[in-house]
Amino acid sequence: MRPGLDRVKALLELIDNPEQNLQMIHVAGTNGKGSTVSYLSCMLQELGLSVGTFTSPFIEVFNERIAINGQWIPDEAIIRLVNKYQPFVALLDDQPAVAGITEFELLTVMGLDYFQEQQVDVAIIEVGLGGLLDSTNVIEPILTAITTIGMDHTDILGETLEDIATQKAGIIKPNVPLVTGKIEEAALKVIKETAMKQNAPIKCFEEDYQVVYQGPDSKWGEIFDFYNEAGKIKNIKTPLLGEHQIENASLAIELFFSYCHLKQIPIKQEWIINGLAQTHWPARMEKISDEPFIVMDGAHNNHAMKRLVENVMREFPQRKIWILFSALETKDITQMLAELVRIPSSELLVTTFDHPKALNIEKLKSMSGVTSIKTAAAWQLGLADLLEKSMADDLILITGSLYFVSEIRQFLLNH
């Protein structure tokens, strides 16, 4: 990981800048980016549009990071594009100033190239890390969005919410409309100041658009009302569970309004209702099995873990909760564990998984404050233990790193 735009710009120039021929929406934020992109994509498809999405990380297969109307880029296209870029990368490697392009930078260029090649009507581009120096920030979008601001990647983005907000606000472009999600006042102040300097119109959660939570859906998901200057839409359902998903969905709705306003398209409520109903985003409060009852959530930082714990306590107050957790060593593991142990009637088991930066069980045992937590040397052993102990009315919650959750998800779906 080497933040900066020079390598990406150099490679794009070698292939005649495909991004200049695309209409794009740029989405940054600590959490909520992926589901916001998915909600918005589904609503835009209701207009009959071809919608490209660039997201990360992948949950099932690598290809899902580049998709059009939910269809992942085929293997043949990846191979063709990689072969196309090999000589260009070799050319850049001969120039010290732009040598050593990273995997994510190359993937960004591949996505933009593929979207132009397939002539998508609009592409929604998710920021990889931060915003200002993220490789996706070479684009000139028609709309931008910042979902949330939380303490994550502090070694790269800064030690305070204001520092992190400054990095995320780096995607704001002159005169390009911006929509923000639920963001703390200190961080929002930084974003508003940046928007003002860039003369970018801004719509903010709870100021320019609001939601009223109606409660969980009887099947799975949430029900809410949405309000903005155009009026109100009542009893909207989202198939994704968790109160934070209402905030993500409302941000996507406001973005949809902004897009339709830019394109002078009169809005029909059914586009919003039908689009949200079609949304699927794996490993975010996703029910994998009913018997046993297994839910997975990639809550991979403190901000996300706090929301997960709140959701579990609200949605499943009567159930015994068995938790299998692991994370990357770069995260604040002790704080995430402190959140998880707040769940009443729960038992926590910490494990590890196949990743070079995965949590080390022996190191964990030596950390202050976590010596009493139960551990499993491998997640397969931990999962087997929880499956054996759990009763019919219990909930098995698998959470932590998206890489960890993805690994177990693949195993469970295959078996």
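Here goes a summary of the coordinates provided.

1. Section: the nonpolar core
- Judged by nonpolar contacts, the single largest core of 36 residues is most densely connected at Ile25, Leu44, Ile253 and Leu276.
- No other element matches helix 8 (residues 243–262), which puts ten residues into this core.
- Those residues in contact with Leu44 that lie beyond four places of it in its chain are Ile25, Leu49, Val51, Val122, Ile124, Phe256 and Tyr259.
- One finds Ile73, Met110, Phe115 and Ile139 within the second-largest nonpolar core, a separate group that totals 32 residues.

2. With respect to helix 10 (residues 302–315)
- The terminal C-alpha atoms of helix 10 lie 20 Å apart, and with 14 residues this matches the ideal 20 Å at 1.5 Å per residue to within 8%.
- If you check which residues of helix 10 are buried, you get Ala304, Met305, Arg307, Leu308, Val309, Asn311, Val312 and Glu315.

3. Comments concerning the layout of surface pockets
- Roughly 460 Å³ of internal volume is contained in the second largest pocket.
- Along the walls of the second largest pocket sit 21 residues, with Ser38, Gly70, Trp72, His280 and Trp281 positioned nearest its centre.
- By residue number, the principal contributor to the lining of the second largest pocket is helix 2 (residues 33–45), which donates five residues.
- Grouping the amino acids of the lining of the second largest pocket by side-chain chemistry returns eight nonpolar, nine polar and four charged.

4. A closer look at helix 4 (residues 103–117)
- The terminal C-alpha atoms of helix 4 lie 21 Å apart, and with 15 residues this matches the ideal 21 Å at 1.5 Å per residue to within 8%.
- Buried residues dominate helix 4, accounting for eleven of its 15 residues.
- Taken residue by residue, helix 4 has Phe104, Glu105, Leu107, Thr108, Val109, Met110, Gly111, Leu112, Asp113, Tyr114 and Phe115 as its buried positions.
- Phi for Gln119, located one or two positions after helix 4, is positive at around 55°.

Reading the values: the criteria
- Residues numbered from 1 in each chain as written.
- Predicted model: local features only at pLDDT ≥ 70, side-chain atom pairs only at ≥ 80, totals over all residues.
- Heavy atoms only, no water.
- Core = buried A, V, L, I, M, F, W, Y, C linked by side-chain atoms within 4.5 Å.
- Buried < 20%, exposed > 50% of the residue type's maximum accessible area, 1.4 Å probe, protein only.
- Helix = DSSP H or I, 4+ residues; strand = E, 2+ residues; numbered from the N terminus.
- Contact = heavy atoms within 4.5 Å.
- Expected span 1.5 Å × (residues − 1).
- 1 Å grid on protein atoms, 1.4 Å probe; cavity = no way out; pocket = protein on both sides within 12 Å on 5 of 7 lines; lining within 4 Å.
- Points joined across faces, edges and corners; volume = space filled by probe spheres on them.
- Nonpolar A, V, L, I, M, F, W, Y, C, P; charged D, E, K, R; others polar.

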